[in-house]
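Here is what each chain is made of, one letter per residue.
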Amino acid sequence: MQSVANFSPAKINLFLSVTGRRDDGFHDLVSVVVPLDWGDRLEAEAAPEFSLECSDPDLPVDESNLVLRAARRFATVTGWKGGAHFRLEKRIPVGAGLGGGSSNAAAALLALNAIAGQPLDAGALAKVAAEVGSDCPLFLAGGPCVIRGRGERVEPLPAATAARLRRRRLMVFKPGFGVSTPWAYRSLAEAAAEGGEYPGAGGAAEERLAKWLGDPNLPAEAVLANDFEAVVSRKFLAIPVLLAELRERFGVAAGLSGSGSACFLFQPEGDITQIRDCIVDAWGPGAVLAEATVA
């Protein structure tokens, strides 16, 4: 196989709770994550060396990009001597909490594995993905899942629960600014130091998740929560102000994805023009809006 084209989906964290800090400096978390049918497209073509071009001129295409980092790691682990030229059609904004970079890296690993003749099985591929980035393995799951640890422990949701989520209509919206993930984790750690513990510590996060998973009558809206919303809202006031207006004015379930700055809401039936207008009025024409469904 000489060329491969892969869809690279965005993700939404319906539930995200940080349970503590690990000895290696990372944080432990538990999160319900769903991939969307909206995202990027990555093409890979066999070539003598690794290289990357991108439709977004502002996105780095050097070794700092996770696509090339994933490619280098794949070559090291497998001993493969080939290369590839990647073409990335970018739709997922950066600094959004939508997992764009991690998704691109996972798509690159899948493409290279195909071009190289499938030297890695699913388990080995997931291990390489975890070495590239904490969020990368979840994009190999192919559907709604629960992630734990620093994100490397991925468990598909039970079939009945996943079925409740698939094809749910969402609106994703991001202001003209991003949120630094390292800053968000530092801020959460500082808040935990002041308060004595992380929000999900002591089993609180797992209890909430177990309750939702154990009751088939509870909708997806019942599990929505994100520990980062509180710390992000203190600095970026535009986010909580808009989320509050959307919840109160339209009665929608809305939240922050990852560490932000992107947010999402479950779309109600009928015309959503007023919701779109509300977001644009609040965040201006520079806001990114996308309608998507859970894949």
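Residues numbered from 1 in each chain as written. Predicted model: local features only at pLDDT ≥ 70, side-chain atom pairs only at ≥ 80, totals over all residues. Heavy atoms only, no water.

## Quick word on the layout of surface pockets
Any empty space left between atoms is shown by rolling a water-sized probe over those atoms. Its volume calculated, the largest pocket comes out at about 1200 Å³. What lines the largest pocket is a set of 46 residues, among which Leu66, Ser102, Asp135, Thr181 and Pro182 lie closest to the centre. In terms of residue count, helix α5 (residues 181-195) provides more of the lining of the largest pocket than any other element does, five residues in total. Here the residues of the lining of the largest pocket are counted per class, giving 20 nonpolar, 18 polar and eight charged. (1 Å grid on protein atoms, 1.4 Å probe; cavity = no way out; pocket = protein on both sides within 12 Å on 5 of 7 lines; lining within 4 Å. Points joined across faces, edges and corners; volume = space filled by probe spheres on them. Helix = DSSP H or I, 4+ residues; strand = E, 2+ residues; numbered from the N terminus. Nonpolar A, V, L, I, M, F, W, Y, C, P; charged D, E, K, R; others polar.)

## Section: the sheet that holds strand β7 (residues 169-174)
Overall, antiparallel pairing links the four strands, which are arranged β9-β10-β7-β11 in an open sheet. Two strands lie at the open edges of the sheet, namely β9 (254-256) and β11 (288-293), each paired on one side alone. Sheet twist, expressed as the average angle between the axes of neighbouring strands with direction ignored, equals 20 degrees. With four bridges joining them, β7 and strand β10 (residues 263-266) adopt antiparallel strand pairing. Directly across from valine 172, in β10, lies its bridge partner phenylalanine 264. Against the sheet, helix α9 (residues 273-283) contacts β7, β10 and β11, and its axis sits at roughly 15 degrees relative to β7. (Pairing = 2+ DSSP bridges. Axes fitted to C-alpha atoms, helices over the stretch in contact; angles between N-to-C directions. Contact = heavy atoms within 4.5 Å.)

## What about the nonpolar core?
Core analysis: the largest hydrophobic core is formed by 37 residues, its most contacted members being Phe173, Phe228, Val232 and Leu246. Broken down by element, this core gets its largest block of residues, five residues, from α5. Every residue in contact with leucine 246, bar those within four places of it in the chain, is listed here: Phe173, Gly251, Val252, Leu265, Ile275, Cys278 and Ile279. (Core = buried A, V, L, I, M, F, W, Y, C linked by side-chain atoms within 4.5 Å. Buried < 20%, exposed > 50% of the residue type's maximum accessible area, 1.4 Å probe, protein only.)

## Regarding the pairing of strand β4 (residues 83-89)
Strand residues, when the strand is regular, have side chains that alternate between the two faces of the sheet. Note that strand β2 (residues 27-47) and β4 share seven bridges and pair antiparallel. Counterpart to glutamate 43 in the pairing with β4 is arginine 87. Sheet topology note: the strand β3 (residues 51-54)/β4 ladder contains four bridges and is parallel. Paired with serine 51 across the bridge in β4 is histidine 85. In this view, the connection linking β3 to its parallel neighbour β4 by way of helix α1 (residues 66-78) has left-handed handedness. (Right-handed = clockwise from strand over helix to strand, strands pointing away.)

## Section: the environment of alanine 238
For alanine 238, the location among the structural elements is in helix α8 (residues 238-250). By relative accessible area, which is 33% here, alanine 238 ends up partly exposed. With 63 residues separating them in the primary sequence, alanine 238 and proline 175 have C-alpha atoms 8.4 Å apart. Every residue in contact with alanine 238, bar those within four places of it in the chain, is listed here: Phe177 and Trp283.

## A word on the pattern of salt bridges
Per the stated rule, a full pass over the model turns up 16 salt bridges. Where arginine 87 meets glutamate 43, a salt bridge forms, and the shortest distance between an N and an O atom there is 3.1 Å. Linking arginine 87 in strand β4 with glutamate 43 in strand β2, this pair joins segments that are 44 residues apart in sequence. Residue classification places arginine 87 among the partly exposed residues on the basis of a relative accessible area of 28%. The salt bridge partner of arginine 91 is glutamate 89, with a shortest N-O separation of 2.8 Å. Under the relative-accessibility criterion, arginine 91 is labelled partly exposed at 43%. The class for glutamate 89 is partly exposed, based on a relative accessible area of 34%. Each of Arg22, Asp24, Asp28 and Glu152 takes part in salt bridges that share partners, so that together they form one network. (Salt bridge = Lys/Arg side-chain N within 4 Å of Asp/Glu carboxyl O.)

## Quick word on the pairing of strand β5 (residues 145-149)
Counting buried residues along β5, five of its five residues qualify, which places the element largely inside the surrounding structure. Pairing geometry for β2 and β5, over five bridges, is antiparallel. Paired with leucine 29 across the strands is glycine 149, a residue of β5. Of the strand pairs in this sheet, β5 and strand β6 (residues 153-156) are connected by four bridges, and their pairing is antiparallel. Bridge pairing in β6 links valine 146 to glutamate 155. Counted along the chain from β5 to the antiparallel partner β6, the turn is three residues long, and its residue glycine 151 has a positive phi close to 120 degrees.

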